[in-house]
Amino acid sequence: ADITRFIAAMPKAEYHVHLEGTLEAEMKFALAARNGLKLPFADVAAMKRSYIYHDLPSFLAIYYDGMKVLLTEQDFYDLAYAYLAKAASQTVLYTEMFFDPQEHLKRGVPMAAVIGGITRARVDAERALGIQSQLILCFVRDSSAESAMAALDAALPLKQYLVGVGLDSDEKGNPPEKFAAHFAKARAAGLKVTAHCDVDQDDTLAHLRTAIVDLKVDRIDHGGNILQSPELVALAKQRNLYFTVCPTFSGTLRTSTPPVDVLRGMIDAGLNVTVSSDDPAYMGSEYLNTVLVRAQTRSALTRAELIGLERNAFNAAWLPANRKAAYL
Ligand code: ADE
Ligand code: ZN
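Below or above, wherever it landed, is the structure these notes cover. (Residues numbered from 1 in each chain as written. Chains lettered and ligands numbered in written order. Predicted model: local features only at pLDDT ≥ 70, side-chain atom pairs only at ≥ 80, totals over all residues. Heavy atoms only, no water.)

### Re the pairing of strand E7 (residues 242–245)
Logical step 1: Both faces of E7 are covered, namely the face carrying Tyr-242 and Thr-244 and the face carrying Phe-243 and Val-245.
Logical step 2: With 3 bridges joining them, strand E6 (residues 219–222) and E7 adopt parallel strand pairing. Bridging from a neighbouring strand, Arg-219 pairs with Tyr-242 of E7.
Logical step 3: Viewed along the sheet, the connection from E6 through helix H11 (residues 230–238) into E7 turns out right-handed.
Logical step 4: Looking at chain direction, E7 and strand E8 (residues 272–275) are connected through 4 bridges and run parallel. Within the sheet, the bridge partner assigned to Thr-244 lies in E8 and is Thr-274. (Buried < 20%, exposed > 50% of the residue type's maximum accessible area, 1.4 Å probe, protein only. Helix = DSSP H or I, 4+ residues; strand = E, 2+ residues; numbered from the N terminus. Pairing = 2+ DSSP bridges. Right-handed = clockwise from strand over helix to strand, strands pointing away.)

### Topic: the site of ligand 1
Logical step 1: Looking at ligand 1, there are 13 residues lining it, with His-18, Tyr-63, Ser-169, Asp-278 and Asp-279 nearest.
Logical step 2: At 3.3 Å from a nitrogen atom of ligand 1 is found a side-chain nitrogen or oxygen belonging to His-18.
Logical step 3: Asp-279 has a polar side-chain atom sitting 2.8 Å from a nitrogen atom of ligand 1.
Logical step 4: By residue number, the principal contributor to the shell around ligand 1 is helix H4 (residues 56–66), which donates 4 residues. (Near = heavy atom within 4 Å. Polar contact = N/O pair within 3.5 Å; in protein donor to acceptor, adjacent residues only side chain to side chain.)

Set out below in structure tokens:
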């Protein structure tokens, strides 16, 4: 009760939210109707009942299928505006959002429609609601390196609307070094670099090492397996790396026993942890406040630790120092 109000009132920021993972069932039906598409579900409740998964690949299948209704610039505007309005209503002041353009290019949607719609929503949401945001282009790591490079090349003329690139989707057999050339090109264009190093995937410690030591990423998404390597923990601290941890996703997906409280472990290890919602539309429509309330219970977070998480979050922003200072 008290702590719920405390969390709701806290100024917040989030950095690990996939826009396509904020596509609510209700909006899928609205976009399908607008685009003349038929969905294989009788209604919203039936669609939501289909959101059953037990690991990353089974989650991703549902997630990629769901985003097929996104076809026009207006669709991307509506998607991004709905997320930003939801976030603003939860006292999220600033967010850096992922999107997966390769999936949309595959369906013939031009990059300009994807980035254009999202950008127009960002501008309108900031003007109407005060929430500031930036955009991170994710490479779909289980698609080919060529398709990722094609997406990057299509996006670079619009790079002023991007703050960075990331790496998401199925990690198994898709190590970060597959994208070394993409990261180098993105960096040369002035973009930041982050990568998912998910918990409980294969070779995640090796992936963390490559991402941190060789590719020198600017941030890590998830990254809980780092606790298995004191050497990498020390390096991450020395580099002042920030981790975007999504306790809901972990809590929903991970079946391994005994369950490890990754968030608690990372905080206690002294890492720069921030908390995000990941794919809220597929995780019981739980946005950042609910994620933090659950995390508080599960990891016994004190108020000081909650404040620390949000201080980290604002410190993690890929903003010029003067704009960042306004939040701190
Ligand atoms: N794409 C969307 N959500 C993801 C997640 N949580 N992990 C990896 N890829 C994703
Ligand atoms: Zn993610």
